[in-house]
Amino acid sequence: MDRLKRFLRLAILTCLLTLFASAQDWQIVETQTIAPGVFYQALRRINPPTWVGVVRIPLPLPKDLALTPALGDENGLARKPVSQIASFVQQSKGYVTAAINGDYFSMTFSPYSGAPLGIHIQEGELVSLPWSNRSALVGLKDGRVLITRFRFSAQVRFPDGTEAQLGGLNQAPPREGLCLFTPAFGVTTQTPPGTTELIAIANLPLRPNNSLILTTQQVTDAGNSQIPRDGAVLVATGKLAERLKTITPNEKLEITVTLTPLDANFDPQDIVWAIGGGPRLLRDGQISIECEQEGFSTSFRQTKHPRTAVGLKSDALLWVVVDGRQPGYSEGMSLDELAEFLLNAGCKDALNFDGGGSSTLFVRGAVMNRPSDGRERPIANALLLLNLFPPQPIVRLWVSSPVDSHWLSGTPIPFQVMGEDAVYRLLPLNDSEVSLTISPELEGWRWDGQNLWLPEIQGEEPLQVTVTAAARNGSASPATVTLCIHPKPSVLTITPETIALPPGASTRLQLRVLGRERDNRLVPLKFDPKEVQWQIEGDVGEVLNGTFVAAKTNEVRRGKLVVSIRNVTATATVCVGKTQWQTLHEFDSMSGLQIVGYPETVRAEGQIVTHEKRSGTGALMLRYDFSQGVKTRTASVVLNKVLPSGSCRLAIDVYGDGNGCWLRVRLRDGSGKPIFLDLASAVNWKNEWRELEVNLPSGLAEPLTLEAVYLVVIRDEQRCSGAILLDNLRVGSAGL
């Protein structure tokens, strides 16, 4: 054990020096040893504000550590937060040291939204197919971890020896073709009535480059068939449905999915696990952001987003999670910035995973980052690190409490004491097994095992309080935490400072409570929301659960919103009034417009027509063809129009074609944050004009830029083509 401790001290020092030297202007704000040879660090920089969490995992892995991907649910495909995925994996497989979000997925509410878009192999079983030449992280039987793309073919051999292509695995069936459902998908196929399905027993699991033999039990067209736990269901659509109906019980079919790695030399039958992502960021020690090859847009590369990525060093795997879309705290990174960070950290190869609101870093029972949605997003799959060392005694106490935080006195402070064993697993303790001491001594404090309450303190200066947790019995080392307690706020700020809304609209309020340190710095304070008092001056609206809701009125009303905590206040001005409209584009000409299809398989074009218009002399006909390609396809009208200050609504007239495409707008605020808003969840009206309006979120950094209006489909089976008309694009502001 002494030799292990010396190794860990040397390894953590090496980790710190490497990352810190590469970061230059980065500050390491937290470091933890979370398993033998495994370390977590949180880094922060001020300009531009960015937070990054890093987990360093040694390679090859010690025999008692294991990497594994996991689907969103233990009983099949479903979207669940990373913490919930970690919980059920820990119950069934072993202690989860850390986890990150994995592959991209559909964000619709269809039964297939829990399916990863790319390859997923778990314990050698192939659960989903590779997609669009995108890269994946792969673990092999010999312990190697690498990044590669796959070429694949998937064939079904019928009893008479004829063959057909398998068009899908555990996903929405194609409009024309075959799709296989295994027990990894769930209980039933979730297909509609009338779907032709062959139910069979099979020599599971389905493995790459191995034959899966289906022995037919029955063929049905009832749809939504139950998937046998020892078998599979083959779904046929289009012409192949009739072919499937000719197969009788006990006849056999053979399914083979052949994978060919493109960037590495190994036998696909040696894959233990794989999880998809994209694009590749580093190749052979050089920055190589392969967006074009893997079907990602230039804007996805260049825009700052929350990000999740993995990097391979000669002796380690790095997990990197970047927070973003949170001005003042963390803006996120472009793919170029992320690649440079990973290169500076010593990585030779690196791969981007799903990001945005999905980016989540989970370490020993807690989410360490701040997901940009304000909460964990349910995702399709995750990558986890398991600690499988034999049971060890508790050797030290561990306090789970927010790091680098300052508190308003009287605020409940999350404070849970756990035991830490010799291999850094955190184990629950009963609060009766722990004693707390406070220095300096304060009267009236209390602890319930989950939260610590310190009494309100007097004076003007903040107070440093040291809390020591010790075991009542045994020899476990105590844990000490230092907290900075402020007697009262110094400054309150409210965002937005100016609220201009149409009647009945709403905006989320952001309140910051700041305290002044002894060196005169202002720092954010944690506070109890129950202490916040809201007051409205003027009949302009109300505050409900932190959201301002404008009054419904036909006149212009002005007032104030005042917030206070312990007699310290902040004020926002409010104007509620009828919307004043201003034309952004009349679509009488193509001036200032660009029509873009994505990906390259999408055909999109625009022209001005005069035979059918809503206003002015013409309208824009947007033609699109989504019949080629899979997953997300878009046809965009790019405008890049800067909106007037105080804009609060957008409106446009749309002549529908009834194809049910999603119609959205993409904006960008002054901080570079993208904003996506829905004009229509489905253009399901035909041969008529409709006026569409959408509220703009209040409190965004100006200037706001309207980048594009676009049609989008996100499911394989959406292979429509058609045309809609757009006219009279306008922006509204509250009458002042």
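Remember, it's a predicted structure, so these values are computed and weren't measured experimentally.

Trainee: How do you make sense of the pattern of salt bridges when you look at a structure like this?
Mentor: Between side chains of opposite charge, pairing is possible as soon as their charged atoms come close. Per the stated rule, a full pass over the model turns up 34 salt bridges. Residues Glu163 and Arg157 are paired through a salt bridge, measuring 2.8 Å at the closest nitrogen-oxygen approach. The class for Glu163 is partly exposed, based on a relative accessible area of 45%. Classification of Arg157 by relative accessible area gives partly exposed; the value is 36%. Among the charged side chains, a network of salt bridges with common partners joins Arg149, Asp263, Arg283 and Glu290.

Trainee: So what exactly am I meant to see when it comes to the packing of aromatic side chains here?
Mentor: What describes a pair of aromatic rings is the distance from one ring centre to the other and the angle between the planes of the rings. Enumeration over the complete set of coordinates arrives at nine aromatic pairs. Consider the rings of Trp26 and Phe341, whose centres lie 5.5 Å apart with planes at 75°: the pair is edge-to-face. Of the two residues, Trp26 is situated in the loop between α1 (2-23) and β1 (27-35) and Phe341 in helix α6 (residues 335-344); the sequence distance between them amounts to 315 residues. Phe341 matches Trp26 in its accessibility class, with the two residues each being buried. Directly above the aromatic system of Phe158 lies the positively charged group of Arg243, at a separation of 4.5 Å from the ring centroid. Over the aromatic face of Phe300 sits the side chain of Arg307, whose NZ or CZ is 4.8 Å from the ring centroid.

Trainee: Sorry if this is basic, but what is going on with the environment of Thr482 here?
Mentor: By the element assignment, Thr482 lies in strand β35 (residues 479-486). Sequence-wise, Thr482 and Val467 are 15 residues apart; in three dimensions their C-alpha atoms are separated by 6.2 Å. Beyond its immediate sequence surroundings of up to four residues, Thr482 is in contact with Gln464, Val465 and Thr466.

Trainee: Could you clarify how one ought to interpret unusual backbone geometry in this entry?
Mentor: Glycine aside, a negative phi is what most residues show, and trans is what most peptide bonds show. Put simply, Gly278 and Pro279 share a cis peptide bond, and its omega is 0°. By the secondary structure assignment, Pro279 is in the loop between β17 (271-276) and β18 (280-283). Across the junction of Thr495 and Pro496, the peptide omega takes the value 0°, indicating a cis bond. Tracing the sequence through the fold places Pro496 in the loop between β36 (491-495) and β37 (498-501). Even without glycine at this site, Asn545 takes up a positive phi of about 50°. With respect to the helices and strands, the residue Asn545 is situated in the loop between β42 (541-544) and β43 (547-550). Overall, the relative accessible area of 73% leaves Asn545 in the exposed class. Not every positive phi belongs to a glycine, and Arg566 is a case in point at roughly 50°.

Trainee: Looking at this model, I keep getting lost on the side chain of Ser409. Mind explaining?
Mentor: Note that Ser409 resides in the loop between β27 (406-408) and β28 (413-414). Here the side chain of Ser409 touches Ile457 through a polar contact of 3.4 Å, landing on its backbone nitrogen. Leaving out residues up to four positions away in the same chain, Ser409 has contacts with Leu454, Pro455, Glu456, Ile457, Ile485, His486, Pro487, Glu531 and Arg566.

Trainee: In this structure, what is going on with the sheet that holds strand β34 (residues 463-471)? I would like to understand it.
Mentor: Sheet strands pair via backbone hydrogen bonds, and the direction of the pair is either parallel or antiparallel. Reading across the sheet, the seven strands line up as β31-β34-β35-β27-β40-β39-β36 and stay open at both edges, with mixed pairing between neighbours. If you trace the sheet from one side to the other, it starts and ends with β31 (434-439) and β36, each paired once. In this sheet, adjacent strand axes meet at a mean angle of 40° when their direction is disregarded. The sheet contact formed by β31 and β34 spans six bridges and is antiparallel. Directly across from Ser435, in β34, lies its bridge partner Ala470.

Trainee: What is the right way to read the pairing of strand β40 (residues 522-526) from this model?
Mentor: Within a regular strand, side chains alternate between the sheet's two faces. In terms of strand pairing, β27 meets β40 through two bridges, oriented parallel. Paired with Trp407 across the strands is Lys526, a residue of β40. Inspection of the sheet shows strand β39 (residues 510-516) paired to β40 by three bridges, in the antiparallel sense. When the bridges of β40 are listed, Arg516 appears paired with Leu522. In sequence, β39 turns back onto β40 through a hairpin of five residues, with Asn520 there showing a positive phi of about 80°.

Trainee: Explain the pairing of β1 to me, please; I cannot follow it from the model alone.
Mentor: The pairing of β1 with strand β2 (residues 38-45) spans seven bridges and is antiparallel. What sits directly across from Gln27, in β2, is Arg44.

Trainee: Just to check I follow, could you spell out the sheet that holds strand β44 (residues 557-565) for this structure?
Mentor: Overall, mixed pairing links the four strands, which are arranged β37-β45-β44-β41 in an open sheet. At either margin of the open sheet sits one strand with a lone partner, and together these are β37 and β41 (533-537). Taking the axes of each pair of neighbouring strands and ignoring which way they run, one obtains an average angle of 20° across the sheet. Where β44 and strand β45 (residues 568-576) come together, nine bridges link them in antiparallel fashion. Note that in β45 the partner of Gly559 across the bridge is Val574.

Trainee: I'm lost on the nonpolar core in this one. Help?
Mentor: In globular proteins that are soluble, nonpolar side chains generally tend to be buried together. Formed by 39 residues in total, the largest nonpolar core has its most connected members in Phe626, Leu650, Leu663, Leu667, Leu706, Leu711 and Leu726. Listing elements by their share of this core, those giving two or more residues are β49 (619-625), β50 (633-642), β51 (647-657), β52 (662-668), β53 (674-680), β54 (686-695), β55 (705-713) and β56 (721-734). The residues touching Phe626, leaving out its near neighbours within four places in the chain, are Val602, Arg633, Thr634, Ala635, Cys661, Leu711, Val713, Gln718, Arg719, Cys720 and Ser721. Grouped together as the second largest cluster of nonpolar side chains are 36 residues, Leu126, Ala136, Ala202 and Ala236 included.

Trainee: Explanation requested: helix α2 (residues 82-92) in the structure shown.
Mentor: Along an α-helix, a turn takes 3.6 residues, which lines up residues three or four apart on a common side. Looking only at α2, the buried set comprises Val82, Ile85, Ala86, Phe88 and Val89. Just beyond α2, the residue with positive phi is Gly94, at close to 140°.

Trainee: Explain α6 to me, please; I cannot follow it from the model alone.
Mentor: By the burial criterion, the buried members of α6 are Leu335, Leu338, Ala339, Phe341 and Leu342. Buried residues along α6 cover an arc of 160° about the axis, so they all sit on one side. Gly346 lies just past α6 and shows a positive phi near 95°.

Trainee: What's the story with empty space enclosed by the protein in this structure? I'm lost.
Mentor: Rolling a probe over the atoms, with the probe sized like a water molecule, indicates the empty space that remains. Summed over all chains, the structure comprises three cavities of 30 Å³ or more. Volume-wise, the largest cavity comes out at about 80 Å³. Taken together, Lys304, Arg325, Gln326, Pro327, Ser330, Glu331, Ser671, Gly672, Lys673 and Pro674 form the lining of the largest cavity. Looking at side-chain class alone, the lining of the largest cavity contains two nonpolar, four polar and four charged residues. The calculated volume of the second largest cavity comes to roughly 60 Å³. If you trace the second largest cavity, you find it lined by Asp103, Leu117, Gly118, Ile119, Pro130, Trp131, Arg134, Ser135, Ala136, Phe150, Gly276 and Gly277. Classifying every residue of the lining of the second largest cavity by side-chain character gives six nonpolar, four polar and two charged.

Here is what the cut-offs are and how they apply
Residues numbered from 1 in each chain as written. Predicted model: local features only at pLDDT ≥ 70, side-chain atom pairs only at ≥ 80, totals over all residues. Heavy atoms only, no water. Salt bridge = Lys/Arg side-chain N within 4 Å of Asp/Glu carboxyl O. Buried < 20%, exposed > 50% of the residue type's maximum accessible area, 1.4 Å probe, protein only. Phe/Tyr/Trp six-rings, centres within 6.5 Å; stacked < 30°, edge-to-face > 60°. Helix = DSSP H or I, 4+ residues; strand = E, 2+ residues; numbered from the N terminus. Lys NZ or Arg CZ within 6 Å of the ring centre and 35° of its normal. Contact = heavy atoms within 4.5 Å. Polar contact = N/O pair within 3.5 Å; in protein donor to acceptor, adjacent residues only side chain to side chain. Pairing = 2+ DSSP bridges. Axes fitted to C-alpha atoms, helices over the stretch in contact; angles between N-to-C directions. Core = buried A, V, L, I, M, F, W, Y, C linked by side-chain atoms within 4.5 Å. Arc of directions from axis to C-beta. 1 Å grid on protein atoms, 1.4 Å probe; cavity = no way out; pocket = protein on both sides within 12 Å on 5 of 7 lines; lining within 4 Å. Points joined across faces, edges and corners; volume = space filled by probe spheres on them. Nonpolar A, V, L, I, M, F, W, Y, C, P; charged D, E, K, R; others polar.

Interpretation note: all reported values are geometric properties and have no functional meaning in isolation.
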